[in-house]
Amino acid sequence: MSNAYEEYMKQMVLPMREELTRSGFVELTTAEDVENFMEQTNGTALVVVNSVCGCAAGLARPAATQAVLNSEKKPNQLVTVFAGQDKDATAKMREYFEGIEPSSPSMALLKDKKVVHFIPRHDIEGMSMETVMQNLMGAIAAHC
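Residues numbered from 1 in each chain as written. Predicted model: local features only at pLDDT ≥ 70, side-chain atom pairs only at ≥ 80, totals over all residues. Heavy atoms only, no water.

J.: Please clarify how helix α5 (residues 129–143) should be interpreted in this entry.
T.: Each α-helix turn comprises 3.6 residues. Residues three or four places apart therefore point the same way. With 15 residues, α5 should reach 21 Å at 1.5 Å per residue; the first-to-last C-alpha distance of 21 Å fits that figure. Among the residues of α5, M129, V132, M133, L136, M137, A139 and I140 are the ones counted as buried. Down the axis of α5, the buried side of the element spans an arc of 160°, and every buried residue falls inside it. Along its buried surface, α5 packs onto β2 (44–50), α3 (54–70), β4 (106–111) and β5 (114–119). (Helix = DSSP H or I, 4+ residues; strand = E, 2+ residues; numbered from the N terminus. Expected span 1.5 Å × (residues − 1). Buried < 20%, exposed > 50% of the residue type's maximum accessible area, 1.4 Å probe, protein only. Arc of directions from axis to C-beta. Contact = heavy atoms within 4.5 Å.)

Structure below.
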């Protein structure tokens, strides 16, 4: 039986999840999902580490969706893990971000399973959405 807090949080974060999934991002909710994705992925992948914080809502999620929408080139895959919600999936994904401190929200552009561009929280929080979007669009243009 799940507790009331867990159920409340599932309902609370649903729109935060859907903001990315409506834009084509695939949620990886378990460590196994992440492992399977990383075993099977080729080319480029944009990974958004989602969060409930205000900078995820007002900056990270809109910047990620708009960057993909407005880029000529596109990553081969779009995926997301949710920090604080899908803890095992997030921890497993962070294992692939070698040498990078955990940060949420954050975005990683992977090429052949290696991080080629990373946008940590401190490059999101306090910035304009357009600045974060341009940062990501530049990485997409350079690596996709």
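Next, the rest of the story.
J.: Which parts of the structure should I look at to understand the sheet that holds strand β3 (residues 77–82)?
T.: Sheet strands line up and pair through hydrogen bonds in the backbone, either parallel or antiparallel. Strand order in this open sheet of five strands is β1-β3-β2-β4-β5, and the pairing throughout is mixed. Both outer strands of the open sheet, β1 (26–27) and β5, are each paired with one neighbouring strand and no more. Examined bridge by bridge, β1 and β3 share two bridges and lie parallel to one another. Its bridge partner being in β3, V26 is matched across the sheet by V79. Lying over the sheet, α3 contacts β2, β3 and β4, oriented at roughly 165° with respect to β2. (Pairing = 2+ DSSP bridges. Axes fitted to C-alpha atoms, helices over the stretch in contact; angles between N-to-C directions.)

J.: Even after reading the chapter, I still don't get helix α4 (residues 87–95), so can you show me in this structure?
T.: Taken residue by residue, α4 has A89, T90, K92 and M93 as its buried positions. The buried side chains of α4 occupy one side of the element, clustering within an arc of 165° when seen end-on. Of the exposed residues in α4, those oriented more than 90 degrees away from the buried face are K87, D88 and E95. Each element contacted by the buried residues of α4 is listed here: α2 (31–40), β2 and β3.

J.: Quick question: what am I supposed to make of the pairing of β5 here?
T.: Side-chain positions along a regular strand alternate between the two faces of the sheet. With five bridges connecting them, β4 and β5 associate as antiparallel partners. Within the sheet, the bridge partner assigned to L110 lies in β5 and is V115. Where β4 hands over to β5, the hairpin turn is made up of two residues, of which D112 adopts a positive phi near 50°.

J.: Is there a simple way to think about the environment of E27 in this case?
T.: Tracing the backbone shows E27 in strand β1. Considering only alpha carbons, one finds E27 and F118, 91 residues apart in sequence, at a separation of 19 Å. With residues near it in sequence (within four places) discarded, E27 still touches R17, T21 and T80. Polar contacts involving the side chain of E27 include one to the side chain of R17, which spans 2.5 Å. (Polar contact = N/O pair within 3.5 Å; in protein donor to acceptor, adjacent residues only side chain to side chain.)

Geometric descriptors of this kind do not, in isolation, establish any biological role.
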